[in-house]
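Report on the structure
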Amino acid sequence: MSVLNQPFPKQSGCFGFNLNQESSSLGSHDGFVKQQQVDQAGMTRDDKQKKQEIDALLSEAMNNLTFQEREKQQEVLHGVDDEIKEEGNIVDIALSELDNHLIRIKRGSVYEIAERMDPAYVHARAFRVMFLRGNRYDTKAAANQMLKFFETKQDLFGTEKLTKDITIDDLDEDDIACLKTGWLQLAGKDRSGRVVHLQLLHLRAYKTLKNEYRMKYYMLMDLLQTDEDVQLKGVCGLTYAAEDCTDAMNGAGYFEHIELTNAIPVHIASVHYCCSKMSEYLFLNLAIKAMPPKLRARFRSHFGSHVECQYRLSTYGILGENLPLMPDSNEVDMKYHLQWCQARLTKPRMRSDELKPKYGPHLAAAKKPLKVIQPTANDVLYMGGDRSNNTGNVHLRNLVAEWSETYDDSETNEAKRRIVYEVIEEVHRSGGRFLNQEVVDGASVWVRVPRDALRLKITQAFRNHRRKVRGTRKKKN
């Protein structure tokens, strides 16, 4: 029996949901996810060791990629990668390759059952292109995902729904109640125009885990089928468990949710996990191991308070206003999510273009450069030629000095670009951003330095350091 099709007992609670679950499909949590109170400022020796293991996993994921792959994954993470090109006969060639892969692997699969039921549905061009886009035109991966997709769909909704688009009418009252909790919602778009798919773990409530799986399937597929930009750009996955937003269900169904997401043809451009308790942070060790290697390279964890986590998210283009949290209390503002739910409940038969997601005014994609009124100490500040002694600038100069000999000895441009990238990432890891002082609407403001311009700035910093060292040597001689 599939993990997505196992029975769960009904419990009492809010909406009849269980809000204090003792166990889950993950089994006992003893040893890796006990909800102990851990001081944010301190970690035990065991905590530090486990955190190092997490860092090592992420570093290993990066090191196992080629330089080109590594650079590509970082561009996707920061939303500066190239858009999918579907020019000429690229799509037709990919569809032909996809069909060839499916012919080789479909025997005995649920996909084959669906194909016999309604070939037109399974072979529909728009349907198949959705899987190609979700896998960035990796035709073999798209074929494998199509098999997983139909298996998952059968588990959740039955064989009779295999060749039907799932609408909100296919959700039962418990699924709808789970949808309305707002634990999973669309939180606008990041600075690159990618939808932020937000999980607020403290709002989790359900009668059975299957309620979560069914409503999540509906929500993701509705998003893909009503907004073509999502197919092309992908989504940013954000799990938010900072301070009082810790998981109400202690991690129940976590890996099953990963399995479900892997079956949906949505491109996950980046994954962010915010938390304040070390017990939550250490649970990531298992979660990271369940991720595909390339997705690990686009995963970032942020440990700290609401303010600290939201600041770090902003360095990746996910602004504070993306989160439906009240500024003073950090309570969840459910207004726009409930409007989203109501639009689908009252007009389930509308055309897909009429149901295109509408975001609240505070959730729209940022069109202008991010303005930073008060830069932090960790930021690298470019002040029109003036030298800054901000902590972030000093850190950058130290990094350039540390890497300068290796940079100068590098024989290829690729090796030098790799070092430039290492310096940029080290500043980001320390919580810093690269900011440029500009005049906007008559006022002097700080804006993020574009990635291409940033590479040139770091390259120039190495050149300046080289000149400085040579000048010092000449004076000594």
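Residues numbered from 1 in each chain as written. Predicted model: local features only at pLDDT ≥ 70, side-chain atom pairs only at ≥ 80, totals over all residues. Heavy atoms only, no water.

1. Concerning the overall build of the protein chain
For clarity, the threshold we go by: The way it works is that DSSP assigns letters per residue, a run of H or I at least four long becomes a helix, a run of E at least two long becomes a strand, and they are numbered from the N terminus. A simple rule labels every residue: compare its accessible area, found with a 1.4 Å probe on the protein chains alone, to the largest value its type can have, and call it buried under 20%, exposed over 50%, or partly exposed in between. Shrake-Rupley sampling with a 1.4 Å probe provides the accessible areas, and residues are treated as covered by the protein chains on show and by no other component.
If you tally the helices and strands in the protein chain, you get 18 helices and nine strands. Within the protein chain, the proportion of its 477 residues that are buried is 53%. On the protein chain, roughly 23200 Å² of surface is accessible, and the fraction owed to carbon and sulfur atoms is 48%.

2. Side note on the pairing of strand β2 (residues 195–200)
Convention followed: Between any two strands, pairing holds if DSSP finds at least two bridges.
Here β2 lies mainly inside the structure; six of its six residues are buried. Side chains Val-195, His-197 and Gln-199 of β2 all project onto a buried face; the interleaved residues Val-196, Leu-198 and Leu-200 project onto the opposite face, where all are buried too. One ladder, built from four bridges, connects strand β1 (residues 184–189) with β2; its direction is antiparallel. Bridge pairing in β2 links Gln-185 to Leu-198. Hairpin remark: β1 followed by β2, antiparallel, with five residues in the connecting loop; positive phi at Gly-193, about 85°.

3. Things to note about the side chain of Ser-276
We apply this condition: We call two N or O atoms a polar contact when they sit within 3.5 Å, provided that within protein one can donate a hydrogen and the other can accept it, with sequence-adjacent residues counted only if both atoms are side-chain atoms.
Within the fold, Ser-276 resides in the loop between β4 (268–275) and α12 (278–289). Separated by 2.7 Å, the side chain of Ser-276 and the backbone nitrogen of Glu-243 make a polar contact.

4. Examining the pattern of salt bridges
Pairs may arise between side chains of opposite charge once their charged atoms sit close together. Quick reminder of the rule: Any Lys or Arg side-chain nitrogen found within 4 Å of a carboxyl oxygen on Asp or Glu counts as a salt bridge.
Taken as a whole, this structure holds 16 salt bridges when the rule is applied. Across the pair Glu-115 and Lys-106 runs a salt bridge, and its minimum N-O distance is 2.9 Å. Taken as a pair, Glu-115 and Lys-106 share a single burial class, namely buried. Shared partners join several salt bridges into a network, and the residues in it are Glu-86, Arg-133 and Glu-228.

5. With respect to the sheet that holds β4
What counts is decided by this rule: All axes are obtained by fitting lines to C-alpha atoms, using only the stretch in contact for helices, and the reported angles, taken between N-to-C directions, cover 0 to 180 degrees. Should any heavy atoms of two residues lie within 4.5 Å, those residues are counted as being in contact.
What the five strands build is an open sheet, ordered β1-β2-β3-β4-β5; its pairing is mixed. The strands lining the two open edges of the sheet, one partner per strand, are β1 and β5 (299–303). Adjacent strand axes in the sheet meet at a mean angle of 20° when their direction is disregarded. In the packing of helix α2 (residues 67–77) onto the sheet, contacts are made with β4 and β5, and the angle to β4 comes to roughly 70°.

6. A word on empty space enclosed by the protein
The condition is simple: A cavity, in this analysis, means grid points on a 1 Å lattice covering only the protein atoms where a 1.4 Å probe fits yet has no way out; a pocket is instead an open set bounded by protein on both sides within 12 Å along at least five of seven lines, and a residue lines either one if it has an atom within 4 Å of a point. Grid points are joined across faces, edges and corners, and a volume is the space filled by probe spheres set on the points.
In total, this model carries four cavities of 30 Å³ or more according to the counting rule given. A volume near 520 Å³ is recorded for the largest cavity. Together, 30 residues line the largest cavity, and Gln-199, Lys-216, Thr-239, Tyr-254 and Ile-258 are the ones closest to its centre. Put simply, the parts of the chain that give the lining of the largest cavity at least two residues each are β2, α9 (209–226), β3 (235–241), α11 (254–263), β4 and α12.

7. Here we look at the packing of aromatic side chains
For the record, the criterion: Any pair of Phe, Tyr and Trp rings, taking the six-membered ring for Trp, is counted once the centres come within 6.5 Å. Such a pair is stacked with planes under 30 degrees apart, edge-to-face with planes over 60 apart, and tilted for the rest.
In this structure the tally under the stated criterion is 11 aromatic pairs. Ring geometry for Phe-127 and Phe-131: centres 5.2 Å apart, planes at 70°, overall edge-to-face. Separated by four residues within a single helix, Phe-127 and Phe-131 lie in helix α6 (residues 125–134), roughly one turn from each other. The pair formed by Phe-127 and Phe-131 is uniform in burial state, with each residue classed as buried. Between Phe-127 and Phe-150 the ring centres are 5.9 Å apart and the planes differ by 55°, which places this aromatic pair in the tilted class. Of this pair, Phe-127 sits in helix α6 while Phe-150 sits in helix α7 (residues 139–157), placing them 23 residues apart in sequence. Take Phe-127: its relative accessible area is 8%, and that puts it in the buried class. Residue Phe-150 is classed as buried on the basis of its relative accessible area, which comes to 0%. Aromatic ring contacts, followed pair by pair, group Tyr-111, Tyr-121, Phe-127, Phe-131, Phe-149, Phe-150, Phe-157 and Tyr-217 into a single cluster.

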